[in-house]
Amino acid sequence: MKEYNTYIFDLDGTLLNTLGDLAASTNFALRSCGMPEHTVDEIRCFVGNGVRKLMERSVPGGDSNPLFDEAFSIFRRHYMEHSLDTTAPYDGIVPMLREMNRRGKNLAVVSNKFYAATQELVNHFFGTLIPVAIGEHEAEGIRKKPAPDTVNEAFRQLERITGTSIAELRRSAVYVGDSDVDFMTARNSGLSCISVLWGFRSREFLESIGARTFAANPSDIISGKYAETAG
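Residues numbered from 1 in each chain as written. Predicted model: local features only at pLDDT ≥ 70, side-chain atom pairs only at ≥ 80, totals over all residues. Heavy atoms only, no water.

Okay, the environment of Ala211 next. Tracing the backbone shows Ala211 in the loop between helix H10 (203-208) and strand E8 (213-215). A sequence separation of 63 residues divides Ala211 from Pro148, and the C-alpha atoms of the two residues are 18 Å apart. (Helix = DSSP H or I, 4+ residues; strand = E, 2+ residues; numbered from the N terminus.)

Right, let's get into the packing of helix H3 (residues 51-58) against helix H4 (residues 68-82). How two helices pack is summed up by the angle between their axes together with the distance between the axes. Following both chains from N to C, one finds H3 and H4 inclined at 130°, their axes separated by 10 Å at the closest point. Between H3 and H4, the interaxial angle falls into the category oblique. In the crossing of H3 with H4, the sense of the turn from one axis to the other is right-handed. Between H3 and H4, the residues in contact are Val51, Arg52, Leu54, Met55 and Glu56 and Phe68, Ala71, Phe72 and Phe75, respectively. Here the residues of the contact of H3 with H4 are counted per class, giving seven nonpolar, no polar and two charged. (Axes fitted to C-alpha atoms, helices over the stretch in contact; angles between N-to-C directions. Parallel < 35°, antiparallel > 145°, perpendicular 65-115°, else oblique. Left-handed = near helix turned anticlockwise from the far one by under 90°. Contact = heavy atoms within 4.5 Å. Nonpolar A, V, L, I, M, F, W, Y, C, P; charged D, E, K, R; others polar.)

This part covers the pairing of strand E6 (residues 173-177). By the criterion of burial, E6 is predominantly enclosed, with five of the five residues buried. Summarising the sheet, strand E1 (residues 6-9) and E6 pair through four bridges and their orientation is parallel. Within E6, the position partnered with Tyr7 by the bridge is Val174. Pairing of E6 with strand E7 (residues 192-196) involves four bridges; the strand directions are parallel. When the sheet's bridge partners are listed, Tyr175 is paired in E7 with Cys193. Crossover connection from E6 via helix H9 (residues 180-189) to parallel E7: handedness right-handed. (Buried < 20%, exposed > 50% of the residue type's maximum accessible area, 1.4 Å probe, protein only. Pairing = 2+ DSSP bridges. Right-handed = clockwise from strand over helix to strand, strands pointing away.)

Right, here's the structure in full:
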């Protein structure tokens with residue numbers, strides 16, 4: 001099993017269980033605009049492509065609904081105020097990150113969550129364990145996942161921090177995520193992908209989109225004891 005020195009992590013569904021707070025803010029926005037609410041399981045299927053896409057999938061008629069902009073604005077305000085209500089790291093995540101730091105691994109987060117929320121959550125839960133956290137900031141010309149732009153930005157920031165060239169960082173890098181978006185991001189970035197099985201998508205779904213390497217718990221990522229699917 002290849003040993004990796006650089007780990008690029010997804011955030012929601014990989015390091016943090018954010019589903020409860022995302023669902024609460026989504027339904028608050030829908031309720032405020034007189035729209036029907038969704039179950040947590042329904043919202044689980046809507047996440048992964050950024051919060052705007054989450055709201056497009058949640059609002060009847062998507063962004064063509066005349067109240068979409070209002071609902072999206074309410075969601076953003078509510079989520080920034082309530083993103084820490086129930087969100088927490090999955091069991092075993094913090095010990096995994098501490099061990100990776102002890103071993104001198106390079107760590108970064110790349111998320112489709114808007115930039116301010118990504119920074120707040122990573123700093124709050126992980127502090128100096130993860131020095132680079134990249135969120136959605138397409139206004140600066142950096143496209144969100146599954147485009148490789150945010151991964152490339154993470155490599156640029158890691159290069160500045162570590163003094164290791166991007167080419168060298170890439171040679172020993174892996175992407176870790178829980179969704180089809182993450183698998184596609186890894187592929188578009190030219191990286192191997194470890195798909196975690198404690199997140200928002202099932203193994204059956206991940207296998208159906210081509211994922212082949214799985215971690216059943218965070219300790220598997222450290223030990224390299226992945227479950228492999230042939231083909």
